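Structure at a glance
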Amino acid sequence: MTELLYQVDGYLKEFDAVVTNSVPSENALVLDQTAFYPGGGGQPNDVGMLNQLRVVKVRKTGDAILHIIEGELPSVGTQVHGAVDWDRRYKLMRTHTAMHVLCGTVFRDYGALVTGGDMEPLKGRMDFEFERLQKELVSVIEEAVNREILAGHEIKVKILPRIEAFQIPDLIRTKINLLPEGIQQVRTVEIVGLDLQADGGTHVKNTTEVGKIRVADYKSKGAINKRLYIEVQDR
Ligand SMILES: [Zn+2]
């Protein structure tokens, strides 16, 4: 089992670890702990460095986090120093948080549920069951989202026992009930006063860190399913 440092501290950029296993067929390492996000929930994986070795991809397989590297695999027991590509990761944290503000705002104002989403640094798309969405609403939503970002909502991360998490009504709408039975702990990410989700990703601590967003495009995927594209302003 790898200790997932990014789940507790999303701002951890560097860390020390020990190689606990290797997978030569993928040129991958497993560590005792990691700050590298392996991807999931729409947020892409981190890249970066382990000692002098470039980490080109990180992915989760079962309980293990595989760090796929360029160059020769260090042997099991080797001490490594990890450095996450922070510029990319911080953009993803801001984008991921912006997606939650969008999701929370659209649910509060229109009752529309999210059915999916995807993001890259400073860009994201989100799908809703949102029959009423029309072009005229796009700028209204953009304004409402930017207002919430500016309002400076705090973001709180908690790791709860499964039973406790299942008693939170707000989590039910994000399909927490579909979590595999083996999972005994649920990580929740709350934008205080706006949004609460079961989520394994990385987010900023306060919505003001997101900066300004733009709803760049909108697409109708049928009578009910609509897609919104957002961009987070670079700075
Ligand atoms: Zn999320």
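Just above sits the structure.
Starting from 1, residues in each chain are numbered consecutively following that chain's sequence as written. Predicted model: local features are reported for residues with pLDDT of at least 70 only, side-chain atom pairs are reported and counted for 80 or more only, and whole-chain, interface and lining totals are derived from all residues. To get the side-chain values, all heavy atoms of the structure are used, and hydrogens and water are removed first.

**Examining helix α3 (residues 135-150)**
Given 3.6 residues to a turn, an α-helix orients residues that are three or four positions apart in the same direction. Numbering of helices and strands runs from the N terminus, with a helix taken as a DSSP run of H or I at least four residues long and a strand as a DSSP run of E at least two residues long. The length a helix should cover is 1.5 Å for every residue beyond the first. For α3, which comprises 16 residues, the first-to-last C-alpha distance of 24 Å matches the rise-based estimate of 22 Å (1.5 Å per residue) to within 8%. Note on exposure labels: buried denotes an accessible area under 20% of the residue type's maximum, exposed denotes more than 50%, and partly exposed covers the range between, all computed with a 1.4 Å probe on protein chains only. By the burial criterion, the buried members of α3 are Leu137, Val138, Ile141, Ala144, Val145, Asn146, Glu148 and Ile149. Contacts made by the buried residues of α3 are with α2 (86-110), β14 (213-220) and β15 (225-232). Two residues or fewer past α3, Gly152 is found with a positive phi of approximately 70°. Two residues qualify as a contact provided that any one of their heavy atoms is within 4.5 Å of a heavy atom in the partner residue.

**With respect to the packing of aromatic side chains**
Each Phe, Tyr or Trp ring (for Trp, its six-membered ring) is paired with any other whose centre lies within 6.5 Å, and the angle between the two planes then decides the class: stacked below 30 degrees, edge-to-face above 60, tilted in between. A complete count under the given rule lists 6 aromatic pairs for this structure. Seen in terms of ring centroids, Phe128 and Phe130 are 6.1 Å apart; in terms of plane orientation they differ by 70°. Their pairing is edge-to-face. Ring-pair connections join several aromatic residues into one group, and the members of that group are Tyr11, Trp86 and Tyr90. Lysine NZ or arginine CZ positioned within 6 Å of the ring centre and within 35 degrees of the ring normal marks a charge as sitting over the ring. In this arrangement the basic side chain of Lys13 is found over the ring face of Trp86, its NZ or CZ atom lying 4.7 Å from the centre.

**Here's the deal with the side chain of Thr95**
With respect to the secondary-structure elements, Thr95 resides in helix α2. Taking relative accessible area as the criterion, Thr95 reaches 0% and is therefore assigned buried. Each residue touching Thr95, except ones within four places of it in the same chain, is listed here: Met119, Glu120, Pro121, Leu122, Lys123, Gly124 and Val232.

**Side note on the side chain of Arg94**
Along the chain, Arg94 falls in helix α2. Positive charges come from Lys and Arg, negative ones from Asp and Glu, while His and the chain ends are left out of the count. Counted as salt bridges are all cases of a side-chain nitrogen of Lys or Arg within 4 Å of a carboxyl oxygen of Asp or Glu. Nearest to the buried, unbridged Arg94 among oppositely charged side chains is Asp234, at 4.9 Å. Under the rule applied, a polar contact is a pair of N or O atoms within 3.5 Å (in protein, one hydrogen donor and one hydrogen acceptor; residues adjacent in sequence only if both atoms are side-chain atoms). A polar contact is formed between the side chain of Arg94 and the backbone oxygen of Glu209, at a distance of 3.2 Å. Of the polar contacts made by the side chain of Arg94, one reaches the backbone oxygen of Val210; its length is 3.0 Å.

**Points about the environment of Leu228**
Assignment of secondary structure puts Leu228 in strand β15. Residue class for Leu228 comes out buried when judged on its relative accessible area of 1%. Excluding its chain neighbours within four sequence positions, the residues that come into contact with Leu228 are Leu102, Gly124, Arg125, Met126, Phe128, Leu133, Val138, Ile141, Val215, Asp217 and Tyr218.

**Quick notes on the coordination of the zinc ion**
Around the zinc ion, the protein contributes the donor atoms His96 (NE2), His100 (NE2) and Asp199 (OD), which lie 1.8 to 2.1 Å from the metal centre. Water is not part of the atom set, so a site may look incomplete; the donors themselves are N, O and S atoms within 2.8 Å of the metal, or 3.2 Å for Na, K and Ca. All donor residues of the zinc ion come from one chain, and their arrangement in sequence is H-x3-H-x98-D. Placement of both His96 and His100 in helix α2 is noted, with a separation of 4 residues, approximately one turn of the helix. Classification of His100 by relative accessible area gives buried; the value is 3%.

**Focus on the sheet that holds β15**
Sheets are built from strands paired through backbone hydrogen bonds, the pairs being either parallel or antiparallel. Here, strands pair whenever DSSP counts at least two bridges between them. If you walk across this open sheet you meet the 4 strands as β9-β10-β15-β14, and the pairing is antiparallel. On the outer flanks of this sheet lie β9 (113-120) and β14, each paired with one strand and no other. Here the strands of the sheet are splayed against their neighbours by 20° on average, with no regard to which way each runs. With axes taken as lines fitted to C-alpha atoms, and helix axes fitted only over the stretch in contact, angles between N-to-C directions fall between 0 and 180 degrees. Packing of α2 onto the sheet brings it into contact with β9, β10 (123-129), β14 and β15, and relative to β10 it is tilted by some 25°. Of the strands in this sheet, β14 and β15 touch α3, which is tilted by about 145° from β14.

**With respect to the packing of α2 against α3**
It is at 9 Å that the axes of α2 and α3 come closest, and there the two elements cross at 115°. Our pair here, α2 against α3, has a crossing hand that is right-handed. Only Leu137, Val140, Ile141, Ala144, Val145, Glu148 and Ile149 of α3 make contact with α2, whose side of the interface consists of Val101, Leu102, Thr105, Val106, Arg108, Asp109 and Tyr110. Note on residue classes: Ala, Val, Leu, Ile, Met, Phe, Trp, Tyr, Cys and Pro are nonpolar, Asp, Glu, Lys and Arg are charged, and everything else, Gly too, is polar. Taken together, the residues of the contact of α2 with α3 break down into 10 nonpolar, 1 polar and 3 charged. Each crossing is labelled by how the near helix is turned from the far one, with a counterclockwise turn of less than a right angle marking it left-handed and a clockwise turn marking it right-handed.

**Points about unusual backbone geometry**
One non-glycine residue, Asn27, lies in the positive phi region at around 50°. Among the structural elements, Asn27 can be located in the loop between β2 (14-23) and β3 (28-31). Relative accessible area serves as the criterion here: at 24%, Asn27 is assigned to the partly exposed category.

**Let's talk about the pattern of salt bridges**
Evaluated as defined, the whole model comprises 8 salt bridges. For Glu26, the salt bridge is made with Arg59, and the minimal N-O distance between the two is 2.7 Å. Here Glu26, found in the loop between β2 and β3, pairs with Arg59, found in strand β6 (residues 53-61); they are 33 residues apart in sequence, far enough to count as distant. You can call Glu26 partly exposed: its relative accessible area is 29%. Across the pair Lys91 and Asp87 runs a salt bridge whose closest N-O atoms are separated by 3.2 Å. Here the residue Lys91 and the residue Asp87 both occupy positions in helix α2, the gap between them amounting to 4 residues, near one helical turn. What emerges from the salt-bridge pattern is a single network uniting Arg108, Asp109 and Glu148.

Read these as layout, nothing more, since geometry by itself doesn't imply function.
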